[in-house]
Amino acid sequence: MDALIKTQAFINGGWHTAKTGKSFAVSNPADGKKITDMTDCDASDTTAAIDAAYAALFTWKSALPTVRAAALRAWQKKIEENAETLARLLTHEQGKPITEARGEIAGGAAMLGWAAEEARRAYGETIPAFKTGTRVITTREAIGVVAAITPWNFPHSMITRKVAPALAAGCTVVLKPAEDTPLSALALAALAHEAGIPKGVFNVVPTSNPKAVARALTDDARVRKLSFTGSTEVGRLLMAQCAPNLKRLSLELGGNAPFIVFDDADLSAAVEGAMASKFRNAGQTCVCANRLYIQRGIYGRFIEALNNAVAGLKLGAGDQKGVTTGPLINHDGLQKVEDLVADALAKGASLTCGGRKSALGGTYYEPTIIRDATPAMRLASEEIFGPVAAIFPFDTEEDALKLANATEHGLAAYVYTRDLGRAFRMSTGLEYGMVGVNEALLASEAVPFGGIKQSGFGREGGPHSLDDYMAIKYTLFGGL
Ligand code: ADP
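This paragraph deals with the domain arrangement of the protein chain. Its domain assignment divides the protein chain into domain 1 (2-253 + 455-477) and domain 2 (257-445). Taking only C-alpha atoms into account, the centre of domain 1 sits 31 Å from that of domain 2. Each partner contributes residues to the interface: domain 1 has 28 residues there, and domain 2 has 26 residues. Carbon and sulfur atoms supply 54% of the area that domain 1 and domain 2 bury against each other, a total of about 2100 Å² over both sides. Arg236 is paired through a salt bridge with Glu408; the nearest N and O atoms lie 3.6 Å apart. The interface formed by domain 1 and domain 2 includes 11 residue pairs in polar contact (both at pLDDT 80 or more). Of all the elements in the fold, those that place two or more residues in the side of domain 1 that touches domain 2 are helix 3 (83-94), helix 4 (98-119) and helix 8 (232-242). The greatest single-element share of the side of domain 1 that touches domain 2, amounting to 5 residues, is contributed by helix 4.

Here it is, written out as structure tokens:
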């Protein structure tokens, strides 16, 4: 693992200490111990990275798509060869169980493979002429330098899902990873370098001061696009910062996913789905089931079955055998979960299990089920981001739809039913970017991931993934 632990910024194909010489600690959330000191970049380091990305842009975007595709495939291969090391590093800095970390690395590598394939299919069009003696063509061209800002909950795949399509399209990138998890980002940079990605094409600036680095990225007119994944609050801020020079934006922001189970559902499939959706990554994903709406006829049985499944979870350090649920990322995260649970209990919900910090200490929180939740509780409108399943009863299909849509967010929603008509009515009626019908795990390199409403816009992955990094150019040829 040590060979892939990098503690400097990766700029213009080389490793650099921040100009101020300052550093910050990166710690393992499983035991709170410091893993390493990390160089702490500021605005001037960021500008150096933009200089490098801008200088590399013309050659990279002018290269044949097959050349970019080959570079991405070489990077993918390096990731696959180092998958176990990357997974261990990821678990070390982020806390998730090693099996989940392995899945995330595989997903990241797959995204590079997908983008490499798509690089060759950035087709343009010919349009029938509208004037005699002319021809009309459209081409799709790389937007330019892209800034990427990513969160800590998927420190590997949130990067590859932005950088892979950006590079495939011919853009160059400056990435600011989350301050809790810069190691996975820098390990990716090291492998990109080994794979022969040219200098300046992919740059990484770790920092404990996201505001300063983000400001340098948003204020620089050479940066033509910002791709951000994180909270709605910060997304709004960044959108405003990008307004003065009209940067293109992709924003993948907070979710508040409803998970709806009708009386006619396959109960065991619904429970299995709820477990995967709610408790994966200790509940710290933006597509996590945040509100479980269970129809009255199945309410008691669902809670009992979920309770039995939750009893089988094992809390602990992600690299230990049999552990299904790791620690929360930090003390702020833990505090938020405690506050939301206290609020729900004060407003009349009751606990089926859990509901407190774990005896393991640190940032471990016991897997928890809260029943009889109501819309007045904070957890109905705020992302819990912890291993807490909040269960709300409902009566009719109409009620379920109304409750599910009563949020400013619109990222992912889930429905369990065996009634085909209802499945279609619900998938149409749910105001979300992604809907799982009798399925709880939605992410793949092959599908468009993203939201609507205050969950943002832009799609990552799938057949349209390069569009977010390309502009259409129309050329009129006259005098023919
Ligand atoms: P989360 O709740 O997932 O931590 P954040 O939106 O706080 O969501 O963080 C996601 C990313 O946004 C991280 O890389 C973080 O460093 C960055 N970030 C946080 N605050 C700001 C800010 N004011 N300006 C720019 N980036 C920020």
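Another point: the site of the ligand. With respect to spatial proximity, 16 residues lie near the ligand, and among them Thr150, Trp152, Lys176, Glu179 and Ser231 are the closest. In this structure, Lys176 approaches the ligand through a side-chain N or O atom, which is 2.9 Å from an oxygen atom. In the model, an oxygen atom of the ligand is placed 2.5 Å from a nitrogen or oxygen of the Glu179 side chain. Its free accessible area being 550 Å², the ligand has 81% of it covered by the protein chains.

Mapped onto the secondary structure, Leu480 falls in the segment after strand 22 (470-477). Separated by 346 residues in sequence, Leu480 and Thr134 place their C-alpha atoms 5.9 Å apart. Residues within four places of Leu480 in sequence aside, it is in contact with Gly133, Thr134 and Arg135.

Take the pattern of salt bridges next. It is possible for side chains bearing opposite charge to pair when their charged atoms get close. Scanning all chains against the criterion turns up 25 salt bridges. Residues Asp219 and Arg215 are paired through a salt bridge, measuring 3.3 Å at the closest nitrogen-oxygen approach. Of this pair, Asp219 and Arg215 both sit in helix 7 (residues 210-219), 4 residues apart, roughly one helical turn. Its relative accessible area of 46% is what places Asp219 among the partly exposed residues. The class for Arg215 is partly exposed, based on a relative accessible area of 41%. Close ionic contact of Glu397 with Arg425 constitutes a salt bridge, the shortest N to O distance being 2.8 Å.

So, about the packing of helix 12 (residues 397-405) against helix 13 (residues 420-429). At their nearest, the axes of helix 12 and helix 13 sit 10 Å apart, and the two run at 25° to each other. Looking at the two axes, helix 12 sits roughly parallel to helix 13. Classified by chirality, the crossing of helix 13 by helix 12 is right-handed. Across the interface between the two elements, Glu397, Ala400, Leu401 and Asn405 from helix 12 touch Arg422, Arg425, Met426 and Gly429 from helix 13. Residues of the contact of helix 12 with helix 13, tallied by class, amount to 3 nonpolar, 2 polar and 3 charged.

Conventions and cut-offs
Residues numbered from 1 in each chain as written. Predicted model: local features only at pLDDT ≥ 70, side-chain atom pairs only at ≥ 80, totals over all residues. Heavy atoms only, no water. Domains from an automatic or database assignment. Contact = heavy atoms within 4.5 Å. Buried area = accessible area lost by both parts, 1.4 Å probe. Salt bridge = Lys/Arg side-chain N within 4 Å of Asp/Glu carboxyl O. Polar contact = N/O pair within 3.5 Å; in protein donor to acceptor, adjacent residues only side chain to side chain. Helix = DSSP H or I, 4+ residues; strand = E, 2+ residues; numbered from the N terminus. Near = heavy atom within 4 Å. Areas by Shrake-Rupley, 256 points an atom, 1.4 Å probe, with all protein chains shown as cover. Buried < 20%, exposed > 50% of the residue type's maximum accessible area, 1.4 Å probe, protein only. Axes fitted to C-alpha atoms, helices over the stretch in contact; angles between N-to-C directions. Parallel < 35°, antiparallel > 145°, perpendicular 65-115°, else oblique. Left-handed = near helix turned anticlockwise from the far one by under 90°. Nonpolar A, V, L, I, M, F, W, Y, C, P; charged D, E, K, R; others polar.

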